[in-house]
Each structure stands twice: as C-alpha cells, then as structure tokens.
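Structure assessment
Next come the chains, spelled out residue by residue.
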Amino acid sequence: MSFTKTGLVGHPVSHSKSPMIHGHWIKHYGLSGSYELVDLSCEGLADGIRTLKASGFKGFNVTVPHKVDVMALCDHVDDLARIVGAVNTVTIKDGALHGTNTDVFGFIENLKSHAPDFDFKAGPAVVLGAGGAARAVVQGLLQEGVPEIWLSNRTPEKADALIASASLKDRIKRLGWNSAEGIKALSQANLVVNTTSLGMTGKPALTLSLEGLSPKALVHDIVYAPLMTPLLLEAQAQGNRTVTGIGMLLHQARPGFALWHGVMPEVTDELTKMVGG
Ligand SMILES: NC(=O)c1ccc[n+]([C@@H]2O[C@H](COP(=O)([O-])OP(=O)(O)OC[C@H]3O[C@@H](n4cnc5c(N)ncnc54)[C@H](OP(=O)(O)O)[C@@H]3O)[C@@H](O)[C@H]2O)c1
C-alpha cells in the first residue's frame, strides 16, 4: 500500500481539528498516510504549494486566509468552487492541481444527518452573514430547493456581491442588518443559519432577538466553538430545533479524504465526540 501525504494549508493552522479527523479515518480504514499542518503566509503561498507538490503530496485542504487566493494557483477549478468563489480542497494528479469546494456538501450533510425530516422546500431561510462560509451555505440551500433566501449582513455591499455571483439570484433577497424587516422575516422562516463569526469564542455574541421566531423554524449555527452558541441556547430555550456546526466541519472533510484515499469515510458518534461534539 502506498503512503498518501496530505495536509492543511492556512494561517494560522495550529488549532485545527483536521489532523485528528483525518488521522482517525486513516487508522480506522487501515490506510497508510499522513495529514500535516502547513502554515503558510499569504506571500509564501505559491512557493509553499510548489514545495508540497515536489514532496509528493496527494492533496491538501485550504483554510483561512487562502481559500480565494489558492484558486489562481490551481490548474483546474470545478464549477461548484467557481460558483462559491473559494477552493477548500485540492487534489494533485499528474502534477496538476485540481480545486473543489466541499463546504456546500458539509453544510447540507450535517443538516440532513441531524434533521433527516427537515423539508428544505417548506419555506424561506434567513441567512446571517455574507463571508466565505455564507457563499457555501447559500449555494447549498439553493441546490436543495429552498424557495427564498433572506440574506442579512452587517456590510450590505458584501451581501449584494454574494447575491450578484449566486447561481439563482432571483431567489435571494437582502434584508437590513438588525432591521424591522429582518425581525419580521424570522416569524416566517423555516430555517435560520448563522454564518457570521459572532458567537465564536473570543468574539461578541450575535445580538438577535428570537422572540418572534416561528416555532417551526430550525436554527443552525455553523460556529462550532463553543458547540452551543448563545444563538442556539436561545433558540433551544424557546423550544426551536437546533443544529450545531461541528458536523459541517466533519462532513466537509469526507469528499477530500475520498479523493485522496479512495474511501468515503463515515462520521461516527465516536469521531464526533473526539472533536468535541
Ligand atoms: N462549521 C464549519 O465547518 C465552518 C466552516 C466555515 C466557517 N465556519 C465558521 O463560520 C464563521 C464565518 O467564517 P467565514 O469563513 O465566512 O468568515 P469571513 O469570510 O471572515 O466572514 C465573516 C462574517 O462575519 C461577519 N461579522 C464579523 N464580525 C462581525 C460583527 N462584529 N458584527 C456583525 N457581523 C460580523 C462578517 O460581516 P461583514 O461582512 O460585515 O464583515 C461576515 O459576514 C467562522 O466563525 C467560522 O469558524 C464554520
């Protein structure tokens, strides 16, 4: 069995849970390989990737702040990554870099595994944030047939830019941040997703009153540190169903692992617990 070298490129990368996830799967499936952390500055990205290629890497994941810049260094970028505007998974084949995006898959699989009966088509989704993760979330929701997406971001221009580049833009409407129309939207929402970094350890909490939230709405926070964010705790206290973000991290790792090792790995309870879920 040949040894498969893989890893994560980003800055910083030292706190990543990805080596634990990939290491667990390599052992579990009896494979031979490694998953290394590769800390590269923006200036060092191109040279660093050349070194990975020369040292026989089969592929690598890409995280903040390189998900956009790495696209220009890839020989092929697939349609999904182009629509999302970011590459988080690269496979090196015959010396060529093939980029894709697995955050869409990770987001949707996590939702489906935690709420198998959730009907994406049953009503509108409120999406908070318009950063890199929001692009993947919006694309996933469009693919699943969500009839309308109401997008709200602190910086409205970023929300407009996301809508302009989306595949089905007529299904997305921008709402003001902390606005009356935003509060009204919550009363009609089938799903609420926080994609901002608010609520993350070390960041301010998301100040959003869920008072008028539809009791049927599912609330999903993609922030996973802490696991139960203030938003999820408030939603739970109101009796709404919630989904945490840790499963998105686990599921987004699966397609990359499959591309590099030829095995589609499973997300088990054991693995979820191992990463803090
Ligand atoms: N579960 C997972 O697998 C997963 C995957 C990807 C990301 N994430 C998490 O998702 C979060 C966002 O990641 P990202 O890559 O999209 O980051 P990003 O591109 O930097 O976007 C950050 C978003 O947060 C908003 N924001 C930041 N500070 C704010 C504040 N003080 N008030 C209001 N809005 C604020 C930004 O609004 P502006 O546009 O106004 O700046 C933007 O919409 C992070 O916490 C990340 O850990 C989780």
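Residues numbered from 1 in each chain as written. Predicted model: local features only at pLDDT ≥ 70, side-chain atom pairs only at ≥ 80, totals over all residues. Heavy atoms only, no water.

**Looking at the overall build of the chain**
To keep things clear, this is the line we draw: A run of H or I in DSSP becomes a helix once it reaches four residues, and a run of E becomes a strand once it reaches two; helices and strands are each numbered from the N terminus. Two things to know: the radius of gyration comes from C-alpha atoms, and the globule rule equals 2.2 Å times the number of residues to the power 0.38. Summary of the burial criterion: residues with accessible area below 20% of their type's maximum are buried, those above 50% are exposed, and those between are partly exposed, where the area comes from a 1.4 Å probe applied to protein chains only. Whether two residues touch is decided by their heavy atoms; if any such pair falls within 4.5 Å, the residues are in contact. Note on areas: these come from Shrake-Rupley sampling with a 1.4 Å probe, and a residue is covered only by the protein chains present in the view. His is not counted, nor are the chain ends, whereas Lys and Arg count as positive and Asp and Glu as negative. Charge placement uses NZ in Lys and CZ in Arg. For Asp and Glu, CG and CD serve respectively.
Scanning the chain from N- to C-terminus turns up 10 helices and 12 strands. Taken over the C-alpha trace, the chain has a radius of gyration of 19 Å; the compact-globule value for 277 residues is 19 Å, and the two agree within 12%. Expressed as a percentage of the 277 residues in the chain, the buried residues total 49%. Within the chain, residue pairs in contact and separated by at least 24 positions form 66% of the contacts whose partners lie at least 6 positions apart. Accessible area for the chain stands at about 12500 Å²; split by element, carbon and sulfur atoms hold 55% of it. Distance between charge centres in the chain, computed from 24 positive and 25 negative side chains, equals 1 Å.

**Regarding the pairing of strand E2 (residues 33–39)**
Convention followed: By the convention used here, strands pair only if DSSP detects at least 2 bridges between them. Note on handedness: a crossover is taken as right-handed if, strands pointing away from the viewer, the path from the first strand over the helix to the second is clockwise.
Across seven bridges, the pairing between strand E1 (residues 4–10) and E2 is parallel. Within E2, the residue paired with threonine 4 across the bridge is glycine 33. What joins E1 to E2 is helix H1 (residues 18–28), and the crossover it makes is right-handed.

**Some thoughts on the nonpolar core**
Let me state the cut-off plainly: Residues belong to one nonpolar core when they are buried, are Ala, Val, Leu, Ile, Met, Phe, Trp, Tyr or Cys, and are joined through side-chain atoms within 4.5 Å.
One finds Phe107, Val138, Leu141, Ile149, Leu151, Ile172 and Leu191 to be the most contacted residues of the largest nonpolar core, which totals 28 residues. At the level of elements, helix H4 (103–114), strand E7 (125–128), helix H5 (132–143), strand E8 (149–152), helix H6 (156–165) and strand E10 (191–194) are the ones that each hand at least two residues to this core. Per-element tally for this core: the top contributor is H5, with five residues. Setting aside residues up to four positions removed in sequence, valine 138 forms contacts with Val127, Ile149, Leu151, Leu162 and Ile172. Val38, Cys74, Val90 and Ile92 belong to the second-largest nonpolar core, a separate cluster that totals 18 residues.

**Quick word on unusual backbone geometry**
The step from histidine 11 to proline 12 runs through a cis peptide bond, and the omega angle for that step is 0°. Its location among the elements puts proline 12 in the loop between E1 and H1. Put simply, valine 64 and proline 65 share a cis peptide bond, and its omega is 5°. Take proline 65: it is sitting in the loop between strand E3 (57–62) and strand E4 (76–77).

**So, the packing of aromatic side chains**
Using the following cut-off: Each Phe, Tyr or Trp ring, with Trp reduced to its six-membered ring, pairs with another whose centre is within 6.5 Å; inter-plane angles below 30 degrees give stacked pairs, above 60 give edge-to-face pairs, and intermediate values give tilted ones.
In the structure shown here, the tally under the stated rule is three aromatic pairs. Judged by centre distance (5.0 Å) and plane angle (80°), the ring pair of phenylalanine 118 and phenylalanine 120 falls under edge-to-face. Residue classification places phenylalanine 118 among the buried positions, given a relative accessible area of 11%. For phenylalanine 120, a relative accessible area of 7% puts it in the buried group. An aromatic cluster of at least three residues, connected via ring pairs, comprises Trp25, Tyr29 and Phe257.

**Some remarks on the side chain of serine 152**
Applied cut-off: The definition of a polar contact used here is a pair of N or O atoms within 3.5 Å, where within protein one atom must be able to donate a hydrogen and the other to accept one, and adjacent residues in sequence count solely through side-chain atom pairs.
As for its placement among the helices and strands, serine 152 is situated in strand E8. Within the local environment of serine 152, its side chain forms a polar contact with the backbone oxygen of glycine 176, the two atoms lying 3.3 Å apart. Excluding residues within four positions of it along the chain, serine 152 makes contact with Val127, Leu128, Gly129, Leu175, Gly176 and Trp177.

**Considerations on the site of the ligand**
Formally: Whether a residue is near a molecule or strand depends on its heavy atoms: it is near if one of them lies within 4 Å of it.
Not every one of the 21 residues close to the ligand is listed here, only the nearest: Ala133, Asn153, Arg154, Thr155 and Ile222. Between an oxygen atom of the ligand and a side-chain N or O atom of threonine 155, the distance comes to 2.5 Å. Between the ligand and the protein, one listed contact pairs an oxygen atom with a side-chain N or O atom of lysine 158 at 3.1 Å. For the ligand, the protein covers 77% of the area, taking 920 Å² as the surface of the free molecule. When residues of the shell around the ligand are traced back to their parent elements, those giving at least two are H5 and helix H9 (246–261).

**Overview of the sheet that holds strand E9 (residues 172–175)**
To keep it simple, the criterion reads: Note on geometry: axes are lines fitted to C-alpha atoms, helical ones only across the stretch in contact, with angles between N-to-C directions running from 0 to 180 degrees.
In space, the six strands of this open sheet follow the order E9-E8-E7-E10-E11-E12, with parallel pairing throughout. The sheet terminates laterally at E9 and strand E12 (241–243), the two strands that pair on one side only. The average angle at which neighbouring strand axes cross in this sheet is 20°, direction not considered. Here E7 runs beside E8; their pairing, made up of four bridges, is parallel. The partner of valine 127 across the bridge, within E8, is leucine 151. Against the sheet, H6 engages E8 and E9, with an angle of about 180° to E9.

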